[in-house]
Amino acid sequence: MKPPAFEYFAPSSLDQALALRAQYGSESAVLAGGQSLIPLLNLRLTFPSVVIDLGRVAELAGIRSADGGLSIGAMTRQREAEHSDLVQRRSPLLVKALRQIGHPTIRNRGTIGGSLAHADPAAELPAVAAALGAELVARSTRGERTIPVGNFFDGFLTTSLQPDELLVEVRLPAVKGGSSFKEVARRHGDFALVGVAAVVALNQGTIEDARLAFLGAGPTPVRATEAEATLRGARPHEAAFAEAAEKAAVRLEPSSDIHATADYRRRVAAVLARRALLEATS
Ligand SMILES: Cc1cc2nc3c(=O)[nH]c(=O)nc-3n(C[C@H](O)[C@H](O)[C@H](O)COP(=O)(O)OP(=O)(O)OC[C@H]3O[C@@H](n4cnc5c(N)ncnc54)[C@H](O)[C@@H]3O)c2cc1C
């Protein structure tokens, strides 16, 4: 199918892009890697009258070290982050998750910011952002604001970004500990039925910090804070991990669809969480 007609702009600076966003607001769609937007347009599931292509806005791409963590420009391609030594050193969880996104050709085009702004609850990067406590930087001609990840995802394919704003940067703080990313999909490269990101930090034989964030388990990524709390101060033992994983999974509210029932997703989530916690400490 062909997309509906729209006016196309390809600004070459962030200021120009923000001015267009201010002018056209909710009539506009932002084209980043196009890996989600183009199918939505072709299937006529979205009808923007204006498309603002960020492909020429060089200042929005790049990966920098920031306060021991990372600052990643929204237009950084997923493939660049996946192969970055800096990302591998600072945030191995992100690399593990990126490898699960579609296929290399999709990651060549798809961007870090596009995946987060698209806010698919079955996507890998929103769960990683939730697990790491990311901050999302939004800018408009009115100014800049920093959104904690807990306030960013509003619901299915919906974020707290305003119609005149662009996501410009993702900040991933330094998080101590081993990590693991696990998901189940019908075929490699498909969107996950359900998955989990885990980080566990040990201190003198006990768990100092534990983080669990699920994908495919509700309308937004789900951070399992109660289960995390039960692990803090505990010994890193399979029984403790199994208990925390069960506790997290029963609270999930995934949907049932043609691919899997909600009950199946919850059961798989418990198994994946236990395995991820074990792997993060091995
Ligand atoms: C066959 C196939 C398989 C896939 N498998 C997976 C998978 O397993 N896991 C997964 O997570 N994804 C998967 N994807 C989607 C892919 O990861 C996309 O790259 C991602 O969802 C969107 O990133 P993008 O850069 O392509 O954004 P685009 O498609 O260009 O944009 C997506 C949405 O975000 C908005 N947007 C983009 N950038 C900004 C910004 N800076 N500020 C404000 N709004 C913005 C756009 O307006 C649009 O609404 C798959 C895609 C395909 C085609």
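Scroll up to find the structure this text is about.
Conventions and cut-offs
- Residues numbered from 1 in each chain as written.
- Predicted model: local features only at pLDDT ≥ 70, side-chain atom pairs only at ≥ 80, totals over all residues.
- Heavy atoms only, no water.
- Core = buried A, V, L, I, M, F, W, Y, C linked by side-chain atoms within 4.5 Å.
- Buried < 20%, exposed > 50% of the residue type's maximum accessible area, 1.4 Å probe, protein only.
- Helix = DSSP H or I, 4+ residues; strand = E, 2+ residues; numbered from the N terminus.
- Contact = heavy atoms within 4.5 Å.
- Salt bridge = Lys/Arg side-chain N within 4 Å of Asp/Glu carboxyl O.
- Pairing = 2+ DSSP bridges.
- Axes fitted to C-alpha atoms, helices over the stretch in contact; angles between N-to-C directions.
- Phe/Tyr/Trp six-rings, centres within 6.5 Å; stacked < 30°, edge-to-face > 60°.

*Asks:* Can you tell me about the nonpolar core, naming the residues and giving the values?
*Replies:* Counting 40 residues, the largest nonpolar core has Leu93, Leu94, Ile112, Leu116, Leu136, Phe152 and Leu172 as its most contacted members. Per-element accounting of this core gives the leading share, 7 residues, to helix α8 (residues 124-132). Beyond its immediate stretch of four places on either side in the chain, Leu94 contacts Ile72, Val87, Leu125, Val128 and Leu172.

*Asks:* Would you mind going over the pattern of salt bridges in detail, with residue names and values included?
*Replies:* Taken as a whole, this structure holds 16 salt bridges when the rule is applied. Note that Arg142 and Asp164 form a salt bridge whose closest N and O atoms lie 2.7 Å from each other. You can see Arg142 sitting in the loop between β6 (135-140) and β7 (143-148) and its partner Asp164 sitting in the loop between β9 (158-159) and β10 (166-172), a full 22 residues away along the chain. On the basis of relative accessible area, Asp164 is assigned to the buried category, the value being 16%. Its salt-bridge partner being Glu169, residue Arg171 comes within 2.9 Å of it at the nearest N-O pair. Judged by its relative accessible area of 30%, Arg171 is partly exposed. Several salt bridges converge on common partners, so that one network encompasses Asp209, Arg211, Arg223, Glu228 and Arg232.

*Asks:* Outline the sheet that holds strand β5 (residues 69-73), supporting the account with residue identities and numerical values.
*Replies:* The 5 strands lie next to each other as β4-β5-β10-β6-β7, forming an open sheet whose pairing is antiparallel. Each edge of the open sheet carries a strand with a single partner, namely β4 (63-66) and β7. With strand direction ignored, the average angle separating the axes of adjacent strands in the sheet is 25°. Sheet topology places β5 next to β10; 4 bridges connect them, and they run antiparallel.

*Asks:* Just give me the short version of the packing of aromatic side chains, but keep the residues and values in it.
*Replies:* According to the stated counting rule, one finds 2 aromatic pairs in the structure shown. Taken together, a centroid distance of 5.0 Å and an interplanar angle of 85° make the contact between Phe152 and Phe153 edge-to-face.

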